[in-house]
Structure formats: structure tokens, C-alpha cells
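Here is how the chains run, residue by residue.
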Amino acid sequence: MARTPGVVRSLRFRLVAGFALIAAVSALGTGALTFREARTGVLQQSQDTVVNQFRDSVDAAIPGVPAQPGQAELATLVSNLASTHRSQHWRVLATFGGLQASSEPGDDFPELTPALRTSVRTRSVAVFQRVRTDGRSALVVGLPVVRVDDGSPRSGSGLALYLVVPQTSEQRYVSALVGAIERAALPALLLAVLLALFVARGVLRPVRALRDATRRMADGHLDTRLDIHGSDELADLSSAFNETAAALERSVSELRRMEQQARRFAADVSHELRTPLAAMSAVTDVLDEEAAHLEHGTAEAVQLIGEETERLVRLVNDLMEISRFDAGAAELHLDEIDLAESVRRTLAARGWQDQVVAHLPEPGALRMPVDPRRFDVVVANLAGNALRHGAEPVTVTLMWHRDGAGGGLGGGGSAAGGAGGGVPGGARAWARLVVADGGPGIPAEALPHVFERFYKASSARTRSESSGLGLAITAENVRLHGGRIHVANGPAGGAVFTVDLPAPRGGGNG
């Protein structure tokens with residue numbers, strides 16, 4: 001049965017998922033780099049602008065501030081600086097010694113950290129940092145005021161100014177940038193999925209064609225070939241498949257031709273041997289009648305010739321039978337018979353009544369249409385095989401059986417289910433024949449091969465009275481009836497052959 005791959009395992013899914021993953025990683029990576037650079041540029045530009053504006057405003061305001069400013073002068077200074085840039089929402093703080101003044105009364109400037117204040121007191125350059133409080137971002141600038149006397153170096157005045165500017169517009173710009181990146185990533189991902197589907201379709205088309213072609217070849221259509229398009233690796237694969245298929249078709253055709261010749265040869269040889277064998281059999285029959293009047297050594301030779309001639313006749317007859325199966329010329333001549341009576345006649349005709357224990361239903365309890373001659377061959381071959389290669393007791397059991405009634409084809413008992421009864425209702429009814437022996441059984445490695453032609457379960461048994469075709473002919477006769485045959489070793493040892501012949505729908509005796 002062909003295995004259909006799951007959605008997660010399918011090549012189409014993996015191609016689309018791979019493209020989507022690559023597109024997502026690329027979009028996110030590009031967006032992250034773009035966002036970082038844009039954010040850095042925006043904040044740097046805003047920061048430089050604010051610092052320069054603050055420095056320029058302080059430079060313009062300081063000349064009017066005394067060297068030792070008081071509280072009033074500090075308040076005036078921060079008020080002027082804040083009002084000059086009211087639109088930018090500047091908040092200004094001035095400190096001098098223990099004095100300080102803010103542009104907004106009561107504002108304690110929580111954004112100013114001790115580290116920033118220390119840095120402003122100890123350095124003579126502007127200090128700035130970005131802080132975030134209550135979910136809002138702001139730029140904090142600390143600027144120490146430095147006075148320059150004529151011809152003297154710069155020195156700190158002790159006056160320090162602090163500026164806090166909210167970065168609301170910059171934050172909105174960054175948020176808009178993030179939104180733009182997110183909006184751009186989704187179409188890119190969708191485009192990647194569409195491209196993946198398109199590429200997957202192009203890749204999977206020849207793969208599907210290869211799969212279908214392989215299945216057609218598995219069904220016996222060895223003339224299957226693929227159309228080759230392009231010159232890529234998939235085209236090379238299709239070309240290799242066509243070459244392999246052509247070579248396989250040639251090999252199989254040659255094997256079939258040789259097999260047909262071998263079958264024809266066996267049939268022709270068997271047919272040609274029948275006439276001289278008939279004459280030889282007639283001569284050996286005459287010699288057998290005169291054997292009592294011959295010398296001891298001559299009598300033994302005559303007996304050996306007779307036995308070997310009989311064995312050769314059986315082999316030729318079996319070969320002729322096999323050739324008819326191979327040629328499809330074997331036919332059924334059905335007749336409704338009592339199967340139990342047929343089994344009794346088979347055993348009696350071969351003198352096996354005392355060697356075989358038969359478990360058979362009452363006369364007339366199991367009647368169905370079969371080919372009497374072929375059913376006789378099935379019973380005789382199985383019973384004879386058990387007597388030759390097994391050990392007593394050899395049992396032959398005949399019963400009605402239906403699917404699902406227990407036991408199954410692998411049932412090991414020679415009398416499983418009893419030996420009589422009517423046709424069960426419901427499921428399909430079968431006439432079951434079970435032949436079992438008390439021998440050591442069949443080696444496990446030989447079980448799959450017992451119905452093969454000329455197969456010997458033991459290499460030591462290279463020569464026997466049988467032709468090596470008996471079980472193969474038995475299996476062919478069972479299949480010709482639409483039945484089934486199975487072999488297994490019983491739980492207590494010994495080989496168990498089970499034959500099921502289908503009863504007509506609604507037929508059989510109750």
C-alpha cells in the first residue's frame with residue numbers, strides 16, 4: 001500500500017515553510033537594522049539640536065547674571081530660558097551653591113540623577129542623557145556655567161543649569177517607524193509564501209510525475225516513461241528514470257521470453273516423453289509378471305526398472321499438469337459431490353485407510369460443487385506428503401468453516417472445530433480440509449517455500465518417490481477453485497496443511 005505523506009512531512013509544506021521562514025527572518029532582520037539606525041539618527045539629531053539651543057540660550061543670558069547671583073536672579077534666569085522655548089516645553093533648573101530655582105514652582109526634577117549632578121559639578125562641558133519615567137522619554141542636559149576673564153583661563157563659576165525636554169515627537173516618530181516596518185513585513189511574508197507556492201509547484205510537478213510513473217511501473221506497466229523538460233537536476237532525474245525503466249523493461253521482457261521458452265520446452269518434452277513412456281510401462285508390466293521366473297539379481301533389476309519407470313511417468317504427468325496451469329489451459333469441471341465420500345474414496349484407492357485417521361462429517365452433510373479429479377489430487381497429495389515426510393498419526397479433517405469463526409487459517413489442531421455440522425450463516429462459508437501429521441514439522445525457514453516447484457526442505461532428501469511438484473500442483477488446484485491454502489507447524493509439532501474451498505453463496509447442506 002502506498003504511503004501518503006502527512007501535511008507536516010510533505011515537500012510542499014517544507015518548501016513553503018522554508019521560504020516563509022527566510023522571508024520572516026530577512027524582513028525582521030532588515031527591519032531591526034533599519035529601526036536601530038533610524039532611531040539612533042533621530043535621537044542623535046534631536047539631542048544635538050537641543051544641546052546646541054540650550055548652550056546658545058545660556059550664552060545669551062549669562063552676561064546679565066551677576067557673578068554671585070541670588071534667588072531672584074536665578075528665578076529670572078530659568079524663567080527667561082523656559083519662556084524662550086515654551087513651544088518645546090522646556091523645564092529649566094538653576095543651582096548656585098545652596099540656592100536653586102526652577103521654571104515651574106514645586107518641580108523637584110525627578111529626572112536628575114545624583115550621578116548627573118556630580119558629573120556637572122566636576123566637569124566643564126555639557127552632560128546629557130536620555131531617561132524614561134512614567135512611560136515617557138525625556139532628554140536631560142546639564143550645563144556648568146564657565147566665565148572667561150580677560151587673558152585668564154576658564155574657571156567654573158559654581159552656577160549650573162539643567163534642562164529637561166520631553167521627546168514626545170521623537171517617540172511618535174519611532175512608533176510610526178515600528179508600525180511601518182510591521183506593515184511592510186506582512187506583505188513581504190505573503191509575497192514569499194506566494195513565491196514559495198509557485199516554486200513548489202514547479203519543483204513538485206516532476207516529482208509527482210515521477211511518483212505516478214513509479215506506481216504505474218509497480219503495477220506492471222513497464223513501458224511508462226516521463227516527459228523531460230529543461231536541463232536541470234530534475235530533468236536529469238527524469239532522464240535517469242527513463243533509462244532505468246527501459247533497461248528494466250528489456251530485462252523483464254528477456255526473462256519472460258526465457259521463462260516462456262522454458263515452459264514450452266518442459267511441455268514439449270513432457271508431451272514427447274509420454275509415448276515412449278507408455279511403451280516402457282507396458283514392457284515393465286510384462287516383465288513384472290515374469291519376475292517370479294527370473295533369477296534373483298535379474299528380478300531385482302526388473303523391479304527397479306519398473307519403479308523408476310513409474311516414477312518417471314508420475315514426473316511427466318506432473319510436468320504436463322504444471323504446463324497446463326502455466327499456459328492458462330487448466331479448466332474446472334464442476335460437479336456437486338459429497339466431499340466426505342470423496343475423501344474416503346481417495347484414501348481407499350491408495351490403501352491408506354489404516355495409515356490415516358479421518359475426521360469426516362456424516363454422509364451428505366458437506367456437499368458442494370468442485371472438480372472431483374482435482375479435489376482428489378489435493379487430498380492425495382497432502383495425505384501422501386504427510387505419510388512420506390511426516391510421522392504418524394496422520395489425520396485428515398473435513399468441516400464447515402466461516403470467516404471469523406475462530407481458528408483461522410493458521411489453526412494448528414487436526415480436528416479443530418469438530419468434524420461435522422451445517423453451513424454457518426452470516427459470514428462467507430468454506431469447506432475446510434486440514435491434513436496434519438505427528439512428525440517434527442517443517443523448518444521455519446522452509447515454510448514460505450513449500451509450495452514452490454521442486455523445492456526440497458532438506459538438502460539430504462535430494463531424491464524421493466515424489467516429483468517435487470505435488471504441493472505446487474495442490475496449490476494451483478486450490479487457487480483454481482478460488483480457495484486458499486496455508487501451511488504451519490502445529491503447537492504439538494508436525495506440519496498442518498489447511499485448505500479452504502469457498503462454498504456457493506447461500507449454498508451447502510444444513
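The preceding data block contains the structure.
Owing to the predicted nature of the structure, the values given are computational and were not obtained by experimental measurement.

Enquirer: Please explain the overall build of the chain as it appears in this structure.
Expert: A tally of regular secondary structure across the chain gives nine helices and twelve strands. Looking at the chain as a whole, 35% of its 510 residues qualify as buried. Across the chain, every contact between residues at least 6 apart in sequence was considered, and the portion connecting residues at least 24 apart equals 69%. When the accessible surface of the chain is totalled, it reaches about 29,200 Å², and 56% of it is carbon and sulfur.

Enquirer: I keep staring at a negative patch on the surface and nothing clicks. Help me out?
Expert: Taken together, the side chains of Asp-285, Asp-288, Glu-289, Glu-290 and Glu-307 make up a negatively charged region of the molecular surface. If you tally residues by element for the negative patch, the top one is helix α5 (residues 233-290), at four residues. Following the sequence through the fold, Glu-307 ends up in helix α6 (residues 296-326). Taking relative accessible area as the criterion, Glu-307 reaches 43% and is therefore assigned partly exposed.

Enquirer: Even after reading the chapter, I still don't get α6, so can you show me in this structure?
Expert: Since there are 3.6 residues in each turn of an α-helix, residues three or four apart along the chain are aligned in direction. Taking 1.5 Å of rise per residue, 31 residues should cover 45 Å, and α6 covers 45 Å from first to last C-alpha, within 8% of that figure. Turning to α6, its buried residues number three or more, namely Ala-299, Val-302, Gly-306, Thr-309, Val-316, Met-320, Glu-321, Ile-322, Ser-323 and Phe-325. Looking one or two places after α6, you find Gly-328, whose phi comes out positive at around 70°.

Enquirer: Is there a simple way to think about the nonpolar core in this case?
Expert: Within soluble globular proteins, side chains that are nonpolar generally end up buried alongside one another. Leu-339 and Leu-433 are the most contacted members of the largest nonpolar core, which totals 39 residues. Secondary-structure elements contributing two or more residues to this core are α7 (339-349), β8 (367-370), α8 (372-389), β9 (394-402), β10 (429-436), α9 (470-480), β11 (484-489) and β12 (495-502). Considering each element in turn, this core owes the most residues, six residues, to α8. Apart from residues no more than four positions distant in its own chain, Leu-339 is found in contact with Leu-366, Met-368, Val-370, Phe-375, Leu-398 and Ala-431. With 25 residues, the next largest nonpolar core counts Leu-81, Leu-143, Leu-159 and Leu-163 among its residues.

Rules used throughout
Residues numbered from 1 in each chain as written. Predicted model: local features only at pLDDT ≥ 70, side-chain atom pairs only at ≥ 80, totals over all residues. Heavy atoms only, no water. Helix = DSSP H or I, 4+ residues; strand = E, 2+ residues; numbered from the N terminus. Buried < 20%, exposed > 50% of the residue type's maximum accessible area, 1.4 Å probe, protein only. Contact = heavy atoms within 4.5 Å. Areas by Shrake-Rupley, 256 points an atom, 1.4 Å probe, with all protein chains shown as cover. Patch = residues over 30% accessible without salt bridge, like charges linked within 9 Å, V, L, I, M, F, W, Y side chains within 5 Å. Salt bridge = Lys/Arg side-chain N within 4 Å of Asp/Glu carboxyl O. Lys, Arg positive; Asp, Glu negative; His and termini not counted. Charge placed at Lys NZ, Arg CZ, Asp CG, Glu CD. Expected span 1.5 Å × (residues − 1). Core = buried A, V, L, I, M, F, W, Y, C linked by side-chain atoms within 4.5 Å.

As far as function goes, none of this settles anything; it's purely spatial.
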